[in-house]
Each structure stands twice: as C-alpha cells, then as structure tokens.
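# Chains, contacts and geometry: an overview
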Amino acid sequence: MKILVINGPNLNMLGIREPERYGRETYSDLEAKIKDYCHGKCEVTLKQSNHEGDLVDYIQSAYFENYDGIVINPGAYTHTSIALLDAVKSVMKPCIEVHISDVSSREDFRQISYIRAACIKTVSGCGTQGYLMAIDYLIKHIEEERNERYNK
Ligand code: DQA
C-alpha cells in the first residue's frame, strides 16, 4: 500500500514557528516520526512545499504514480484554495485532512476549509500525532474498500 503525506506552507518551519501552538518538533523530526510509524505497515512518501501549484502537482502525482491514498496538511491554503479542492476531487483517491492545532477553536478565517469537502475525514488539534491517526484511519479505509471490491 502506497500513501502520500503532503505538507503545505510554513510546515517546514515546525519547531521554530509558534512552538507554543505547533510544538517543538522540527519538520525533519516529523518526517522521521512518520517514516518510522509506517515501517512495516505501508510505503510512505513525504512532500512539503510553500507553493500552491506544487501542492496541486503532488496531489496529482497520487493519480499518476498510483498512490492508494493521501494525508494532507494544507496549512493556510486550507482556508483559501479551491485549486487544492479540485485537485483532490480529480484524483479520486481517499484523502484525509490534518491540522496540528485545533482550527475549530481559532480565528473565524480558519473556520472555512475548502479541501474538507473532498476528504473522508479531518483530524485536528491532536498535534503531530494527528498524522499517525490519519495514516491508521486511511489504511483501514483502503483495506475495507479492497475487501468490499473483493467480495462483490
Ligand atoms: C494548520 C492550521 C492552519 O490554519 C495554519 O494556517 C497552518 C497550520 C495546522 O496544522 O494547525 O499553517 O494547518
């Protein structure tokens, strides 16, 4: 099983950026944590960019490179990007939205998530552990879909 984990703008600044909100783990720590967690469970590829178009390309790569599912933290593009929503709809792969902080308890402008409409689940406010929760949920979902297809 192949899973793609995508991080959007400013997530490369983890550990430096507002540590009281996003924690002290760096982006490299997060990469290592996810790779370690996926070892023996699934194949994982991690991508990060500060640029919206790059994120669209990464989402599209889930289709062209046959990934089974996507975990994405779109950062601030969550609240602005119809392009990311359209990209997730285009690739027809199960996608989970992750936020390190609890966006529901933050500013009004963070209450809109465009990408959510194309996601099977949102994990928010669980710190970086949320990525691991999303991976588990995604694996279970993909396995269930496979079993359903097999039993038809
Ligand atoms: C974030 C929440 C977003 O509102 C913010 O713009 C981010 C990080 C989170 O992980 O909590 O960059 O996606």
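For the structure itself, consult the block above.
Residues numbered from 1 in each chain as written. Predicted model: local features only at pLDDT ≥ 70, side-chain atom pairs only at ≥ 80, totals over all residues. Heavy atoms only, no water.

### Comments concerning the site of the ligand
Around the ligand, the structure places R17, Y22, N73, G75, A76, H79, H99, I100, S101, V103 and R110. Looking at the shell around the ligand, its residues break down into 4 nonpolar, 5 polar and 2 charged. (Near = heavy atom within 4 Å. Nonpolar A, V, L, I, M, F, W, Y, C, P; charged D, E, K, R; others polar.)

### What about unusual backbone geometry?
Even without glycine at this site, E18 takes up a positive phi of about 30 degrees. Among the secondary structure elements, E18 is positioned in the loop between β1 (2-7) and α1 (19-22). Residues other than glycine seldom take positive phi values, yet M92 does so here, at roughly 55 degrees. Relative to the helices and strands, M92 resides in the loop between α4 (82-91) and β4 (95-99). Judged by relative accessible area, M92 falls into the exposed class, the value being 64%. (Helix = DSSP H or I, 4+ residues; strand = E, 2+ residues; numbered from the N terminus. Buried < 20%, exposed > 50% of the residue type's maximum accessible area, 1.4 Å probe, protein only.)

### Side note on the packing of helix α3 (residues 52-64) against α4
Relative orientation and spacing of two packed helices are given, respectively, by the angle between their axes and the distance between those axes. In contact at an axis separation of 8 Å, α3 and α4 are set at 10 degrees when each is read in the N-to-C sense. Judged on the interaxial angle alone, α4 and α3 are roughly parallel. The segment α3 lies against α4, with E52, L55, V56, I59, Q60 and Y63 engaging A83, L84, A87, V88 and V91. Class assignment of the residues belonging to the contact of α3 with α4 gives a composition of 9 nonpolar, 1 polar and 1 charged. (Axes fitted to C-alpha atoms, helices over the stretch in contact; angles between N-to-C directions. Parallel < 35°, antiparallel > 145°, perpendicular 65-115°, else oblique. Contact = heavy atoms within 4.5 Å.)

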